[in-house]
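# Breakdown of the fold
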Amino acid sequence: MYAALVAARAGARVMLVDRSLIGRGGATVMAQMTVAVALGEEVPDEPEHHLADTLQAGRGLCDTSLSQLLCEEAPACIREMDAWGVGWARKDGHISQVQAPGHDRPRCVYVDFVNTGPAVSKTLRAQLQRKAEIQRTGDLLVTDLALREGVCIGAHAVHTATGEAVSIAAKATIVATGGLTRLYARNSASINMGGDGYALALRAGAELVDMEFVQFFPIGHLAPRLVGMDPIMWDPFRYKLGGRLLNAEMREFLHEHGRYTAARDLATYAILKEVAGGRGSPHGGAWLSFMHRSEAELRAAFGPVIDRLAKNGIDLTRQPVEVAPIAHYHMGGIRVDADMRTGVPHLFAAGEAVGGANGANRLSGNAITEAFVFGRRAGARAAALAAKASMPPPALPLERSGAKQSPNPAAEIVRLQAVMNEHVGPLRTRQGLERALERIGKLRAFELPAPAAGLDPEWLDLHDLRNMALVAECVTRAALARTESRGAHQREDFPDTSNGWQRHQTVRLQGGGVHLDS
Amino acid sequence: MIAKLKVWRGAPGAAGRYERYEVPFEQGQTVLDGLRWIRVHIDPSLAIRFSCINANACKQCMVEVDGKTVYACTTRLTEAEMTLEPLANKTLVKDLVTEIAPPDER
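This section reports on the structure supplied with the text.

Basis of the calculations
Residues numbered from 1 in each chain as written. Chains lettered and ligands numbered in written order. Predicted model: local features only at pLDDT ≥ 70, side-chain atom pairs only at ≥ 80, totals over all residues. Helix = DSSP H or I, 4+ residues; strand = E, 2+ residues; numbered from the N terminus. Rg over C-alpha atoms; globule rule 2.2 N^0.38 Å. Buried ≥ 20, exposed ≤ 12 C-beta atoms within 10 Å, placed from the backbone. Contact = placed C-beta atoms within 7 Å. Pairing = 2+ DSSP bridges. Axes fitted to C-alpha atoms, helices over the stretch in contact; angles between N-to-C directions. Parallel < 35°, antiparallel > 145°, perpendicular 65-115°, else oblique. Nonpolar A, V, L, I, M, F, W, Y, C, P; charged D, E, K, R; others polar.

## Here we look at the overall build of chain A
- What chain A contains, in helices and strands, is 12 helices and 19 strands.
- Over its C-alpha trace chain A gives a radius of gyration of 22 Å, about what one expects of a compact globule, namely 24 Å for 518 residues.
- Principal axes of the C-alpha set define a box for chain A whose edges measure 65 × 55 × 50 Å.
- Looking at chain A as a whole, 58% of its 518 residues are labelled buried.
- Taking all contacts inside chain A whose residues are at least 6 apart in sequence as the whole, residues at least 24 apart take part in 74%.

Printed below as a string of structure tokens:
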């Protein structure tokens with residue numbers, strides 16, 4: 001959305017296409033947490049300090065040019081969002097900034113109460129509606145990028161409600177489809193996060209980078225069953241109220257002393273080790289307790305959310321909840337330069353779909369920031385390219401020769417998610433990864449058929465399964481090859497971080513197969 | 001526990017029908033959980049619309065349950081039979097899916 005706005009401002013005519021509804025189906029609308037930016041409103045701060053924390057969290061693997069762009073351009077984006085009326089929480093006349101784990105000072109802005117993502121989405125949607133140059137089309141699923149002589153000339157899409165094939169001609173194309181966390185059984189994703197953009201870019205000839213680094217958010221909600229809330233919601237609670245993370249013996253095992261300080265990769269690892277050691281909570285996680293906080297304190301910090309919890313039968317003054325790691329974000333993605341250009345001419349990427357800025361472990365708060373900054377950069381560069389390019393002819397429709405698969409594709413997706421969670425999750429071994437590859441290989445071997453007329457849910461599942469299996473193979477192959485542990489990639493058979501592995505791995509498609517460059 | 005769901009099935013321009021499904025559930029599970037279970041275990045051709053699964057953030061899973069418009073992701077399953085229908089005031093796409101995008105985003 002940010003990319004579309006900036007491109008339109010630069011004079012481009014923009015088509016914004018979403019497989020779901022515009023601004024309501026991706027990850028941004030679900031974000032309930034904070035946005036990292038060196039505004040210096042709370043305490044003095046500079047982008048260089050934000051960058052230092054980002055690089056530190058990335059465990060030596062950040063693409064510095066991207067991280068630098070992220071930190072330097074963040075303040076301008078956050079101020080622009082402020083001018084558009086997003087409603088960053090304020091106190092004493094300035095924008096409020098809280099300290100999140102991994103940051104050296106209070107740096108993270110937010111919208112109360114746990115409303116950051118919805119407010120950001122709503123603000124961007126309102127801006128989009130004011131621009132006549134932007135045509136917005138939902139329920140349009142891009143199945144493949146269109147190429148001519150290796151140059152991206154637009155996209156092939158299917159209108160999901162009717163099954164009609166649509167060709168889109170474009171002088172420049174930006175992939176902003178988010179990440180891949182839907183690959184995992186336990187995820188905080190929307191169903192659109194199946195790695196579509198990675199699969200599109202791969203099939204178009206682009207390279208992906210750092211695919212093995214999937215961030216598990218350590219304290220995703222586990223039990224009791226909670227509806228109408230994102231499972232990541234305990235993050236803002238911990239910013240404001242601390243909270244105590246406890247094992248089955250009701251002992252703090254992270255030495256946080258009621259504060260919220262442990263980095264995500266370390267906290268994830270510690271919780272899983274408690275569970276493996278038989279000290280987990282009943283559903284296989286850890287306890288998170290706010291029982292040392294009074295009703296008044298809870299209400300002052302999260303008023304309406306406390307009511308929503310009550311509807312779920314949860315009273316934080318009387319009971320701890322159970323939390324456990326949950327797939328949340330993907331550090332890897334499409335390889336781009338600092339102008340968001342992929343390896344395919346006229347194809348750009350933005351947001352979480354971009355790999356490299358966050359290295360082996362993303363600093364909390366950098367996801368929405370990169371959605372803004374990379375979108376802004378991609379929109380500007382794509383518009384500049386489009387201004388001097390001539391319009392390509394629309395691509396010919398794709399011939400679809402595949403046949404409908406007999407097994408239930410919705411069930412196949414669930415099985416793939418279980419395999420990924422078990423073997424390619426936060427703790428990995430060679431045996432597990434090889435078993436996963438074997439299972440994924442069986443799923444990979446089919447051609448996508450043409451959809452039936454009208455809305456065809458089975459075809460949609462097949463489409464998703466095809467992309468998910470391809471992207472799952474990329475993650476698994478990269479994880480198998482990296483014989484060390486670093487950040488979000490933890491190998492039980494190679495527990496140490498190795499200096500020799502302070503390098504990126506890339507994947508590309510070659511002869512239909514996934515080729516890994518280590 | 002078993003939830004009994006009576007689900008309207010059909011496409012524009014043809015007479016619809018109700019299908020009955022029995023869905024095993026645990027206390028706290030939702031109508032959306034039940035519909036997703038049906039797609040995985042019984043009939044993947046059942047059309048439903050949702051993105052965010054459980055967070056009530058995407059606001060796409062609106063359906064009518066016993067004649068009342070609700071979000072499927074926050075409505076709990078019960079052992080009493082529930083009748084699920086597409087939104088009556090929106091154009092039907094298929095089964096429980098209706099056209100809910102703003103007119104200038106189609």
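Right, picking up where we left off after that structure.
## Points about the pairing of strand β1 (residues 2-9) of chain B
All names here are of chain B.
- Note: β1 against strand β2 (residues 17-24), eight bridges, orientation antiparallel. Within β2, the position partnered with Val 7 by the bridge is Glu 19.
- Two elements, β1 and strand β5 (residues 82-85), share three bridges in a ladder whose sense is parallel. By the bridge assignment for β5, Val 7 is matched with Leu 84.

## A look at helix α1 (residues 31-41) of chain B
- Counting buried residues in α1 of chain B gives eight out of 11 residues, a clear majority hidden from the surface.
- Taken as a whole, α1 of chain B has its buried residues at Val 31, Leu 32, Asp 33, Gly 34, Leu 35, Arg 36, Ile 38 and Arg 39 of chain B.
- The secondary structure elements touched by the buried residues of α1 of chain B are α10 (409-423) of chain A together with β1, β2, β3 (62-65) and β5 of chain B.

## A closer look at the packing of helix α5 (residues 196-204) of chain A against helix α12 (residues 457-481) of chain A
Residues and elements named next belong to chain A.
- Taken N-terminus to C-terminus, the directions of α5 and α12 make an angle of 80°; their axes are 9 Å apart at the nearest point. By the angle class used here, α5 and α12 are roughly perpendicular. Of the residues in α12, those in contact with Asp 196, Tyr 198, Ala 199 and Leu 202 of α5 are Asn 467, Leu 470, Val 471 and Cys 474.
- Residue classes in the contact of α5 with α12 are distributed as six nonpolar, one polar and one charged.

The values are spatial; any link to function lies outside them.
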